[in-house]
Every structure is written in structure tokens, then in C-alpha cells.
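This is what each chain is made of:
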2 protein chains.
Amino acid sequence: MSVASQSVGRRERNKRAKLDRIVAAASELFAEHGVDEVTTQQIADKADIGTGTLFLYAKTKGELLLLVQNAKYAEALEQGRADAETVPGVLDAVLAIVRPIVECNRTQIDNGRTYLREMVFGDPEEPRHSAALAIVAQTEEAIAAALRRDERVTEGDAATLAHIVSAVMFLSMATSVNIALSVEEVVQDIRRQVDVLLPR
Amino acid sequence: MSVASQSVGRRERNKRAKLDRIVAAASELFAEHGVDEVTTQQIADKADIGTGTLFLYAKTKGELLLLVQNAKYAEALEQGRADAETVPGVLDAVLAIVRPIVECNRTQIDNGRTYLREMVFGDPEEPRHSAALAIVAQTEEAIAAALRRDERVTEGDAATLAHIVSAVMFLSMATSVNIALSVEEVVQDIRRQVDVLLPR
DNA sequence: CATCATAACTGATTGCAGTCAGAATCTTTT
DNA sequence: AAAAGATTCTGACTGCAATCAGTTATGATG
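Residues numbered from 1 in each chain as written. Chains lettered and ligands numbered in written order. Predicted model: local features only at pLDDT ≥ 70, side-chain atom pairs only at ≥ 80, totals over all residues. Heavy atoms only, no water.

Take the domain arrangement of chain A next. Bring the parts together and some accessible area is lost; that lost area is often taken as the interface size. Residues and elements named next belong to chain A. Looking at chain A, the domain boundaries give domain 1 (1-57) and domain 2 (60-197). Placing the centre of domain 1 and that of domain 2 at their C-alpha centroids yields a distance of 29 Å. At the interface, 17 residues of domain 1 touch 11 residues of domain 2. For the pair domain 1 and domain 2, the two sides together bury roughly 1,100 Å², of which 67% comes from carbon and sulfur. Inspection of the domain 1/domain 2 interface yields 0 salt bridges. Along the contact surface separating domain 1 from domain 2 lie 4 residue pairs in polar contact (both at pLDDT 80 or more). (Domains from an automatic or database assignment. Contact = heavy atoms within 4.5 Å. Buried area = accessible area lost by both parts, 1.4 Å probe. Salt bridge = Lys/Arg side-chain N within 4 Å of Asp/Glu carboxyl O. Polar contact = N/O pair within 3.5 Å; in protein donor to acceptor, adjacent residues only side chain to side chain.)

Structure representation (C-alpha cells):
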């Protein structure tokens, strides 16, 4: 292999290019039509690959959604982490982390809810699923950090409380009861609950 | 119509009989093989009805599971409500309500998790879905009642706290991370969280 | 009882996610 | 540079949930 041309073989480069096309195709189609209205066939066609090839890159359609959304959620988390720094109160800091995630999740409500569904009920063996759970873990870590500002919250309780906040977030975003709620209303719903949770 | 024979027409009786056969068939097959391993065709065959007929009684396979499981969950709740009466401490009373539900849910873990999935992500228009949510509401009411024994818990907070406990329960039972956990371990996981939740 | 109207039933069919046996492409070896 | 070996690709195919146009059973009416 020529050192001048490329350090990785054609195979690797082809795979990479295909994955990029798949992500781009799925991303666009999901965003425009919603995950339920898009067929895997359409994605394969748009990415210019065979039907079967798609499933070499994502074992299920759900995995494909995780693949597309994980990056966006990670970004929302980063935003929230930054926002939380600039906010004084504990409750407000927690909500500063929560808000961008809710916003991201509700950009397209069907996709957002399906993403949450895959997260909890998807195949834990799959790498994109683990990646999603890793983001959740990071989110809880960020929330725990915010909670520790309150000196009444002990070291150990912070992690548990953060996990509870995470559960509350999940259900407020996921439940069909809240389908009609706006981003702000979902955030308020979460705020109301976190408020009761915090030491008084 | 002869008053002596029956107060409801043959139609109603036939429908009732069919629904009974469907529930019996689905119940047995789900319990034995798990919801994912059973086809709607098998259920229709066992209930001795046409393929299409099944979907007149339950719009989706998920609805069929709700139909079968709702009754069992209502029973578990009743059990827990009774148990909670006989237990002194607040935390223990809450867990007395939680335990039978977890037991019921884990009788067949795949079915239990799928049931939870349908509950949160299923079609809210469907009657069996509403029925499931009604049981959840009753569960939260029972938990709220237990929480109110603690005089530090205000009237309004009780309902919110109960809702949070419900969210914690849901995720502990549903998440793939906890798949390998026994009933007792799931209950302990919930206990640990509720403990942090209660006023200290 | 015969006729009509309506509700309930049915299985052949559809649409889609996901599979798999063989073809194509890339890499290594001689 | 040819052959052998390994990996990746592909679209025809499978299996299943769900549908729907046509059929049958029930109840109402004269």
C-alpha cells in the first residue's frame, strides 16, 4: 500500500462513505416525514445501496433512528451543561439541563418518542443502543453535579436523585398523555415534579 | 324476542362468547410462549375465528396483550392495597403496593416489558389502553394514600410524589439494563430510590 | 314467512421489516 | 499478475401484522 495515497484501505473508505450516505439519507427522510412514514426501502434508495446492505449498518430500523439521533442528543446535553453553569439556583440549573433535551426531543414528536422507546426497549447488545444509554448516564451525571450544589444533598443521594429526575423526564416526554403538550408545558411538568423532589 | 329465553340477542351473546375465546386463547399462548413468539394467526386458530375477526376485537397485537394483562394487573394492585393496610411504616407500605405489581410484571419478563411499552407508547384512543392508564392512576392513588400517613407530606405533594414513584417503578421494570434482575432485586432497586424520595 | 337492512365475519391480499444464498469487490499470497 | 481468500454487497424472498372487498348471520318490518 502506498503511504502517500491513504493510510486506510479502499474497503474502509467505502464503508465509511456508505455509512455517511445512510446517515444523511435517514436523517433527512426521518426529519421530513417522521420515522413511521419512511420505509427502509426509501432510505436504501436515497443512500443508493441495496436493501440488505442497510441492515449491515443498522440491525433494525430502530437502530437507524438511534444512529441518527444520538449525535443530536449529545449536542443538546452539551448545551444544557453549559447553560447550567451560568444559572444560580439548583432547581433552575437542573432545568437548564432538561430544557434543551426536551426541545431536541420534541423537534419531531413521533421521532422523539420512538427514540425514547428504542432506548428503553431496544436491543442492549447493539452499539447505538449502548451509545444512547451512555448519553443518559452523562445526563444524569450532569444533573447530579447540579444537585450537589445544594449542601443538603449528600454525595450518594445526588446520583440517585439524578436517576429519578431522569425517569421523570423520560415519562413526561414519552407518555401519550402528554402528546399535545408544548415544549414549555413539558418542561413545566418536569419542573413541578423536580421541585417536590428537592430538599425543602 | 322471548322474554323467557334471554334478555340479550343472539348477536350480543355470540360476540361475548368470541371475546371470551379470544382472551382465553391469547392468554394461554402468551403465557406459554411469550408475546413475541406467538402469531396472531395462532391466536385466531386457537379461538376458532378468522384472521380478520381477531382485529375487530383488538385493533393491534399490542392491544390484545393489554386486554389479557389488565385484569391481572388490577388484581395485583388490589393485593398490594390490602397488604399496605397491614404494614406500619410509610416506606414499607409503598413497597407493599409495589411488590405484587413487580411480581405480576415479571411472571413472564418479555410480556411484562411489552405491556409497559404498550402502556406508554400505545394508541391512547383504544379502550384497553385507557383501561391500563386507569389502573396506573389507581396505583398512584394508592401510593399517595400511603404517603399521606407521613404528616410531613402535604396533601398536594402526595399525588406528585406518587406519580414520581410510578415513574421510578416503570423504568426499573422496563429498562433493558435491569433485564437480568430478579423480582426481589427490582423491588430493592425501587426501594433504594423511594427511600431518597421520602422526607427525612 | 319473505324481504330488506345492518352488523359481524372471513381469508386472500397488501405492505413492510428483516434474511440469506450467491455475486461482486477488495486484499493477500505466491 | 494470477489465484486464493476474505469481506462486503445485493435484491429476491420470507414471515407476519394488519386490511378490505365480499359473504354470511342476525334482527327488524310488513
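UniProt tags residues 16-76 of chain A as "domain: HTH tetR-type" (unreviewed entry). With 80% helix and 0% strand, residues 16-76 of chain A has its two end C-alpha atoms placed 25 Å apart. (UniProt positions renumbered as here; feature names shortened; annotations may be inferred. Helix = DSSP H or I, 4+ residues; strand = E, 2+ residues; numbered from the N terminus.)

Here the focus is the pattern of salt bridges. On inspection of all chains with the given rule, the structure shows 26 salt bridges over all chains. Linking R99(A) and E184(A) is a salt bridge whose minimum nitrogen-to-oxygen distance equals 3.1 Å. Here R99(A) is found in helix α5 (residues 90-106), whereas its partner E184(A) is found in helix α9 (residues 183-197), with 85 residues between them in sequence. Overall, the relative accessible area of 30% leaves R99(A) in the partly exposed class. The partner of D92(B) in a salt bridge is R191(B), with the nearest N and O atoms 3.3 Å apart. Residue D92(B) is found in helix α5 (residues 90-106), and its partner R191(B) is found in helix α9 (residues 183-197); the two are separated by 99 residues along the sequence. R191(B) gets classed as partly exposed once you look at its relative accessible area, which sits at 30%. In this structure, a network of salt bridges that share partners links the residues E141(A), R148(A) and E155(A). (Buried < 20%, exposed > 50% of the residue type's maximum accessible area, 1.4 Å probe, protein only.)

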